[in-house]
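Chain by chain, the residues run as shown.
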Amino acid sequence: MKFKLISLFPEMLESILSVSIIGRAVKDGKLEIEYIQLRDYSENKHKKVDDYPYGGGPGMLLKPEPVYNALLQNRSQNSKVIYMSPKGKNLTQSIVKSLAEEEEIIIIAGHYEGLDQRIIDNYVDESISIGEYVLTGGELPAAVLVDSIARMLPGVLSGEESFISESHYDILLEHPQYTRPQEFMGHKVPDILLSGNHAEIEKWRRFKSIEHTIIYRPDLIDGRDELIDEYNKLKKYFSK
Ligand SMILES: C[S@@+](CC[C@H](N)C(=O)[O-])C[C@H]1O[C@@H](n2cnc3c(N)ncnc32)[C@H](O)[C@@H]1O
């Protein structure tokens, strides 16, 4: 999979995506990331990329020409063009899963008041938001999108299936996890995790996974009565 990131601050994106798991995956050739400086596509001799909005109002908008030129010169037949925008569809794990099937994704990080609407209407396939709040620029959202997709790609995480039990992979949140020491400040790791009985551990994890969803995100399982029944049975089983 190849990502092409169009931004006024590509160094910001690179500083996030060149380290840790994603940085290693890039070095190992599991994915490619190209950083594209929007200013390089300005037709203006001063490399200006923004201008006042027609009709007045606060702030500046990114001019359409540099964004169009950057897309024209970097998109191929198989590129999917995404604009990071607070007006976009909220990013979810199921969107991430489907984007992980793409061959090439071009992400536009906006700045100032955002993009000229003609670019969004005519040259963007999808607008994606990372939440209902507004940031100063699209670099952090673009990094969030790349990270979330990249970790689904084969060979990027060390345990191939480690995302399968994670929160939001399916409807439930992840079960709680513990590591050494067995006792910390008087708080003990649940005995069952030390039992070595893998079938029982799996059953307990399923129980806790449903329980955490009920506690933290009941909205995710609204109307799923079969999960509540399963939870009540497991609760009875583990309280014996
Ligand atoms: C200050 S924002 C522009 C907000 C825009 N005027 C509006 O009200 O919808 C500048 C840029 O940050 C990015 N951005 C800000 N918040 C975002 C969010 N929640 N999700 C995705 N991108 C966001 C977008 O790329 C946007 O073009």
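Residues numbered from 1 in each chain as written. Predicted model: local features only at pLDDT ≥ 70, side-chain atom pairs only at ≥ 80, totals over all residues. Heavy atoms only, no water.

Draft legend 1. Looking closely at the nonpolar core. Grouped together as the largest cluster of nonpolar side chains are 28 residues, with contacts concentrated most on Phe 3 and Ile 107. When contributions to this core are tallied by element, the ones reaching two or more residues are β1 (2-7), α1 (10-17), α2 (20-27), β5 (79-90), α4 (93-99), β6 (104-109) and α6 (139-150). Ranked by residue count, the leading element in this core is α6, at 6 residues. Apart from residues lying up to four places away in sequence, Ile 107 is in contact with Phe 3, Lys 4, Leu 5, Ile 6, Ile 82, Met 84, Ala 142, Leu 145 and Val 146. Within the second largest apolar cluster, 18 residues are counted, among which are Leu 38, Tyr 41, Leu 62 and Ile 106. (Core = buried A, V, L, I, M, F, W, Y, C linked by side-chain atoms within 4.5 Å. Buried < 20%, exposed > 50% of the residue type's maximum accessible area, 1.4 Å probe, protein only. Helix = DSSP H or I, 4+ residues; strand = E, 2+ residues; numbered from the N terminus. Contact = heavy atoms within 4.5 Å.)

Draft legend 2. Structural context of the UniProt feature "binding site: S-adenosyl-L-methionine" (unreviewed entry) in the chain. The feature "binding site: S-adenosyl-L-methionine" (unreviewed entry), as given by UniProt, occupies Gly 110, Ile 130, Gly 131, Glu 132, Tyr 133, Val 134 and Leu 135 in the numbering adopted here. Among the annotated residues just listed, those that line the largest pocket are Gly 110, Ile 130, Gly 131, Tyr 133, Val 134 and Leu 135. Overall, Glu 132 belongs to the exposed group, its relative accessible area being 72%. Structurally, the position occupied by Tyr 133 is in the loop between β7 (126-129) and α6. Among the polar contacts made by the side chain of Tyr 133, one reaches the main-chain carbonyl oxygen of Ile 130 at a distance of 3.0 Å. (UniProt positions renumbered as here; feature names shortened; annotations may be inferred. 1 Å grid on protein atoms, 1.4 Å probe; cavity = no way out; pocket = protein on both sides within 12 Å on 5 of 7 lines; lining within 4 Å. Polar contact = N/O pair within 3.5 Å; in protein donor to acceptor, adjacent residues only side chain to side chain.)

Draft legend 3. Local environment of the packing of helix α7 (residues 198-216) against helix α8 (residues 225-238). Their axes nearest at 10 Å, the elements α7 and α8 cross at an angle of 125°. Taken together, the axes of α7 and α8 are oblique relative to one another. Crossing of α7 against α8: the hand is left-handed. Touching Glu 200, Lys 203, Trp 204, Arg 206, Phe 207, Ile 210, Glu 211 and Ile 214 of α7 are Leu 227, Ile 228, Glu 230, Tyr 231, Leu 234, Lys 235, Tyr 237 and Phe 238, all from α8. Tallied by class, the residues present in the contact of α7 with α8 amount to 10 nonpolar, no polar and 6 charged. (Axes fitted to C-alpha atoms, helices over the stretch in contact; angles between N-to-C directions. Parallel < 35°, antiparallel > 145°, perpendicular 65-115°, else oblique. Left-handed = near helix turned anticlockwise from the far one by under 90°. Nonpolar A, V, L, I, M, F, W, Y, C, P; charged D, E, K, R; others polar.)

Draft legend 4. Quick peek at α7. In a regular helix each residue adds 1.5 Å, so 19 residues correspond to 27 Å; α7 covers 26 Å between its end C-alpha atoms and thus fits that length. Here α7 has its buried residues at Ile 201, Trp 204, Phe 207, Lys 208, Ser 209, Ile 210, Glu 211, His 212 and Thr 213. Against α8 lie the buried residues of α7. (Expected span 1.5 Å × (residues − 1).)

Draft legend 5. View of unusual backbone geometry. The step from Arg 180 to Pro 181 runs through a cis peptide bond, and the omega angle for that step is 5°. Structurally, Pro 181 can be placed in the loop between α6 and β8 (183-184). Its identity as a non-glycine residue notwithstanding, Ser 20 has a phi of 55°, on the positive side. Secondary-structure assignment places Ser 20 in helix α2. On the basis of relative accessible area, Ser 20 is assigned to the exposed category, the value being 55%.

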